[in-house]
Amino acid sequence: SYDRGSTFNVFVGKGQLIAGMDRALVGMCVNERRFVKIPPELAYGSEGVPGVIPPNAVLHFDVLLIDLWNSEDEVQVQTYFRPEKCPRTVQVSDFVRYHYNGTFLDGTLFDSSHNRMRTYDTYVGIGWLIPGMDQGLLGMCVGEKRIITIPPFLAYGEDGDGKEIPGQASLVFDVVLLDLHNPKDGIAIENQLVPESCERRSQTGDFLRYHYNGTLLDGTLFDSSYSRNRTYDTYVGKGYVIAGMDEGLLGVCTGEKRRIIIPPHLGYGEEGRGKIPGSAVLVFDIHVVDFHNPSDSVSITVHYKPSNCTVLSKKGDF
């Protein structure tokens, strides 16, 4: 088989092999190597194979098992890390970004997103992936790590992919989920600190000054106003910032701290920007320093005024 450059693929115990090999392969593990000696009565007998195997020949096979599956197998999922907090899991029609190492059952690497330094981005459960991966990603949390083992009939089947994956190959994916959203998502707001006294909340057309830390959904920091020691100053609701932030900054109080989670279609979309990859969910932890409206006038609150107040200041006084 080495000379042919391809493995020998066969069902065991169904009469597709000589009787001796049918027996010899039972009980083997993947990557196990056996030396098998088969007498002629369990091989090709007194007739042999003309031009290849003489009559009454004892056959010797040096066998290395590469792959193993059964037609009744299903996708196997082994989770070896799951975050303590898991507010949401992957559902059908969600869009995910994940890293993976893809190996065969014997451990041979055939592909890796880590080597390309780019996540694999796709919809789940709608046929964009091989069926086994469509199943194996369901129920994952952001930050979760799992090993997904897929039999060939739920992967690339008898023909393989025509490149790296041979026919009838079981596939093993070591996956870490980095991002998750649904195209129907809007922004999500978590109020972390709201001042007890809030005389006014921000509205469309207001000018805000705020600090922020911007991270991806897996916690990776991509930007921070604190590192520049300068607030981010902008109008709200007028398109000066990304759509999700325009919406998320409405209704805040001075001094309020809130978390704004923005899906990519309300952020930087499929292309991304700078340190922000394409199709990335953005998380902004903001602290509102102050805000006003250009139409505001001076606001005066008198805390104390003497009872005898006959002389009042006027324009031109020193």
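Per-chain numbering applies: the sequence of each chain, read as written, is numbered from 1 onward. Totals for whole chains, interfaces and linings use all residues, but because this is a predicted model, local features are given only for residues with pLDDT of at least 70 and pairs of side-chain atoms are given and counted only at 80 or more. Neither water nor hydrogens contribute to the side-chain values; these are computed over all heavy atoms in the structure.

Let's talk about the environment of Asp-111
The topology assignment puts Asp-111 in strand β5 (residues 109-112). Judged by its relative accessible area of 24%, Asp-111 falls in the partly exposed class. Separated by 10 residues in the primary sequence, Asp-111 and Asn-101 have C-alpha atoms spaced 6.2 Å apart. Contact between two residues is taken to exist if any of their heavy atoms lie within 4.5 Å; hydrogens are not considered. Apart from residues no more than four positions distant in its own chain, Asp-111 is found in contact with Tyr-100, Asn-101, Gly-102 and Arg-116. A polar contact of 2.5 Å, which involves the side chain of Asp-111, links it to the side chain of Tyr-100. Runs of H or I in DSSP of at least four residues are treated as helices and runs of E of at least two as strands, each being numbered from the N terminus. In this scheme, a residue with accessible area under 20% of its type's maximum is buried, one over 50% is exposed, and one in between is partly exposed, where area comes from a 1.4 Å probe on protein chains only. In the analysis that follows, any N or O atom pair within 3.5 Å is treated as a polar contact, provided that within protein one partner can donate a hydrogen and the other can accept it, and provided that, for residues neighboring in sequence, both atoms belong to side chains.

A word on the state of the cysteines
Sulfur atoms of two cysteines make up a disulfide when they are within 2.5 Å. Summed over the entire model, instances satisfying the criterion amount to 2 disulfides. Each sulfur of the disulfide joining Cys-86 and Cys-141 lies 1.8 Å from the other. Residues Cys-86 and Cys-141 are joined by a disulfide whose S-S torsion is about -95 degrees; by sign, that bridge is left-handed. Taken together, the residues span a long stretch of sequence, with Cys-86 in the loop between β3 (76-81) and β4 (95-104) and Cys-141 in the loop between α3 (131-136) and β7 (145-150) at a distance of 55 residues. You can call Cys-86 partly exposed: its relative accessible area is 26%. Put simply, Cys-198 and Cys-253 are joined by a disulfide, and their sulfur atoms are 1.8 Å apart. Between Cys-198 and Cys-253 the disulfide shows an S-S torsion of about -95 degrees. By sign, it is left-handed. Here the residue Cys-198 occupies a position in the loop between β9 (188-193) and β10 (207-216), and Cys-253 occupies one in the loop between α5 (243-248) and β13 (257-262), the gap between them amounting to 55 residues.

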